[in-house]
Amino acid sequence: MASCISITGKNIDDYIKDHLVLLFSLRKSRIKAKKLAIMEAYFALYPVGGIFIKNGPLGNLKGVFSFLIPEENMAQALSILPTIGYCNKFYLLDFQTNTPENNSDLKNVSERDLVWKGKAFRISNFYFQDKGIYEKQSVDNRKFIILQNNKEKVVYGYRGDGSEMGRRALPVEDARCMVNLSMPGRAERLLDPFAGGGGIVYSAKYINKKIKVFSVDIDPVVAPGLEFYGSNHFTGDSSRVRFPAAFFDSLVTEVPFSSNATVNIIKAINNLKGSLKKDGRIVLMSSMNQATVLKKAIGDIGFYPYISQKVNRKGTDVAIMGWIKSYDKYKKLQAISSTVKSIS
Ligand SMILES: C[S@@+](CC[C@H](N)C(=O)[O-])C[C@H]1O[C@@H](n2cnc3c(N)ncnc32)[C@H](O)[C@@H]1O
């Protein structure tokens, strides 16, 4: 099955006869990170056979893109949409009409925009994420448990100790996006080796309840909180901790942003690479300063990059990057990966 496609006047009927067109709209905070959003949507929709449309409808609107979804899988697609990080509004295009109609909340859509490859369509709101769930999951409101003076203490809004190595507050959208980029639908076990306040752990469990999450952090303070989120947690140094060979499907983590930590991050990845399965994935968020060094080091140990993009996180630029261990799987991702790379 193709991962992405260009639609023309000639092939449109072949697709819309048994596929629906779903339009994704990026949340404001990540409006510039369209490449990541498309890759996230691709991996999240992989179980339902979503196909990215390279030249989708309403391309003049900022922060939108679209996928073809097999009609029979639409109910399953609907169950995935709440777990997406970078997009929060989803619209359905209906081509069983001769009259263009905008029944959605989208503004600045003219009648002319509602004709695509010679076909008129109606657009309507399909699914909007619940702001309440997003807020409940955000670091400010999430319950966490820390170890203080050898006693467990329930806290809300836990952002670490503020030290260079101990800042912890991954936004919900990034945590979900990173987990989705690691293809969680097919994963049995996921590891976060720098787990901190548990943004990744929490989102992984939200996205796929069946996934077994493992975590490591050098700081004993966060251990009870990570266990509370359902992780098999280890307190220790990720560059030394041992796991069985070929044990994890993915390693997903926000690394400590200090450049003093970069050498140790590379040591940790070297230490853990053998514990990733042969088609294992690595998804990292790092500071922009660390990104070039990490890209080189992870390439050198035999992983292939399938996504990399800068994200502005409340005024600070960071990088989100993804690699895969299997060359064959990397080749299979080439079509979507290079299409997304060329998007401005
Ligand atoms: C950026 S924070 C992770 C934040 C997390 N994603 C969250 O949502 O809160 C990085 C974490 O790495 C931990 N850390 C630093 N060096 C480590 C090491 N060598 N091994 C394991 N954990 C380490 C720090 O204690 C910190 O909690």
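Located above this text is the structure these notes cover.
Just so you know, these numbers come straight off a predicted model, no measurement behind them.

Scoring rules and cut-offs
- Residues numbered from 1 in each chain as written.
- Predicted model: local features only at pLDDT ≥ 70, side-chain atom pairs only at ≥ 80, totals over all residues.
- Heavy atoms only, no water.
- Helix = DSSP H or I, 4+ residues; strand = E, 2+ residues; numbered from the N terminus.
- Rg over C-alpha atoms; globule rule 2.2 N^0.38 Å.
- Buried < 20%, exposed > 50% of the residue type's maximum accessible area, 1.4 Å probe, protein only.
- Contact = heavy atoms within 4.5 Å.
- Lys, Arg positive; Asp, Glu negative; His and termini not counted.
- Charge placed at Lys NZ, Arg CZ, Asp CG, Glu CD.
- Pairing = 2+ DSSP bridges.
- Axes fitted to C-alpha atoms, helices over the stretch in contact; angles between N-to-C directions.
- Core = buried A, V, L, I, M, F, W, Y, C linked by side-chain atoms within 4.5 Å.
- Domains from an automatic or database assignment.
- Parallel < 35°, antiparallel > 145°, perpendicular 65-115°, else oblique.
- Left-handed = near helix turned anticlockwise from the far one by under 90°.
- Nonpolar A, V, L, I, M, F, W, Y, C, P; charged D, E, K, R; others polar.
- Disulfide = S-S within 2.5 Å.
- Salt bridge = Lys/Arg side-chain N within 4 Å of Asp/Glu carboxyl O.
- Phe/Tyr/Trp six-rings, centres within 6.5 Å; stacked < 30°, edge-to-face > 60°.
- Lys NZ or Arg CZ within 6 Å of the ring centre and 35° of its normal.
- Right-handed = clockwise from strand over helix to strand, strands pointing away.

Trainee: What should I look at first to understand the overall build of the protein in this one?
Mentor: Along the backbone of the protein there are 10 helices and 18 strands. Here the protein has a C-alpha radius of gyration of 21 Å; the compact-globule value for 344 residues is 20 Å, and the two agree. For the protein, the spread of C-alpha atoms along the principal axes amounts to about 70 × 40 × 35 Å. Split into buried and exposed, the 344 residues of the protein put 56% on the buried side. Considering only contacts within the protein whose residues lie at least 6 apart along the sequence, 72% involve residues at least 24 apart. Taken as two groups, the 49 positive and 31 negative side-chain charges of the protein have centres that lie 3 Å from each other.

Trainee: Got a minute to help me understand the sheet that holds strand β14 (residues 232-235) in this structure?
Mentor: The pairing of strands in a sheet comes from backbone hydrogen bonds and takes either a parallel or an antiparallel form. Strand order in the open sheet formed by seven strands is β14-β13-β12-β15-β16-β18-β17, with mixed pairing between adjacent strands. Taken across any chain shown, the strands that pair with only one partner, and hence form the sheet edges, are β14 and β17 (304-313). The sheet shows a mean angle of 15 degrees between the axes of neighbouring strands, taken without regard to direction. Relative to strand β18 (residues 316-324), β17 runs antiparallel, the two being bridged by nine bridges.

Trainee: I would appreciate a short explanation of the nonpolar core in the present structure.
Mentor: A general feature of soluble globular proteins is that nonpolar side chains tend to end up buried together. The biggest cluster of nonpolar side chains holds 66 residues, and the ones touching the most others in it are F24, L36, F65, F67, L181 and I320. Take this core: its biggest share by element is nine residues, from helix α2 (residues 34-45). Here this core spans two domains, since at least three of its residues come from each of domain 1 (4-129) and domain 2 (170-341). Filtering out sequence-adjacent residues up to four positions away, I320 remains in contact with L36, Y86, D174, M178, L181, V283, L284, M285, I307, S308, Q309 and V311. Counting 25 residues, the second-largest nonpolar core is a separate cluster that includes F247, I265, A268 and M321.

Trainee: What am I meant to see in the environment of S110 here?
Mentor: For S110, the position within the fold is in the loop between β6 (101-103) and β7 (115-116). In this structure S110 comes out as partly exposed when scored by relative accessible area, which is 34%. With 10 residues separating them in the primary sequence, S110 and P100 have C-alpha atoms 9.2 Å apart.

Trainee: For this particular structure, what's the right way to read the packing of α2 against helix α10 (residues 327-341)?
Mentor: Two quantities define a packed helix pair, namely the angle between the axes and the distance from one axis to the other. Running from amino to carboxyl end, α2 crosses α10 at an angle of 155 degrees, the nearest separation of the two axes being 9 Å. Taken together, the axes of α2 and α10 are roughly antiparallel relative to one another. Crossing handedness for the pair α2 and α10: right-handed. Contacts between α2 and α10 pair K35, I38, M39, Y42 and F43 from the former with L333, I336, S337, V340 and K341 from the latter. Looking at the contact of α2 with α10 residue by residue, the class counts come to seven nonpolar, one polar and two charged.

Trainee: Would you explain the state of the cysteines in this entry?
Mentor: Under the definition given, this model contains zero disulfides. Take C4: it sits in no disulfide, and the sulfur closest to it among the cysteines is that of C87, at 17 Å. Among the residues examined, C4 registers a relative accessible area of 11% and is labelled buried. Left without a disulfide partner, C177 is nearest to the cysteine sulfur of C87, which lies 9.1 Å away. Note on C177: relative accessible area 0%, which makes it buried.

Trainee: Hey, could you run me through the pattern of salt bridges in this one?
Mentor: It is possible for side chains of opposite charge to pair when their charged atoms get near one another. One pass over the structure, following the stated rule, counts 14 salt bridges. For K296, the salt bridge is made with D300, and the minimal N-O distance between the two is 2.6 Å. Here D300 and K296 lie together in helix α9 (residues 288-300), a separation of four residues that amounts to about one turn. Relative accessible area serves as the criterion here: at 54%, K296 is assigned to the exposed category. One salt-bridge network, in which partners are shared between bridges, spans E188, R189, D249 and K277.

Trainee: I keep staring at the packing of aromatic side chains and nothing clicks. Help me out?
Mentor: Two aromatic rings are characterised by how far apart their centres lie and by the angle between their planes. This structure, assessed with the given rule, holds 26 aromatic pairs. For the pair F234 and F243, a centre-to-centre distance of 5.2 Å together with 85 degrees between the ring planes defines the contact as edge-to-face. Assessed through its relative accessible area of 34%, F234 is described here as partly exposed. Linked through ring pairs, F24, F52, F65, F67, F90 and Y127 together constitute an aromatic cluster. Of note, R142 hangs over the ring of Y202, and the distance from its end group to the ring centre comes to 5.2 Å.

Trainee: I'm lost on the pairing of strand β13 (residues 212-217) in this one. Help?
Mentor: Within a regular strand, the side chains alternate between the two sheet faces. With five of six residues buried, β13 lies mostly within the body of the structure. In this structure, strand β12 (residues 189-192) lies alongside β13, joined through four bridges in parallel fashion. Pairing of L190 across the sheet is with V213, part of β13. In terms of handedness, the path from β12 via helix α6 (residues 199-207) over to β13 forms a crossover that is right-handed. Once the chain exits β13 it traverses helix α7 (residues 223-228) before rejoining the sheet at β14, and the crossover so formed is right-handed.

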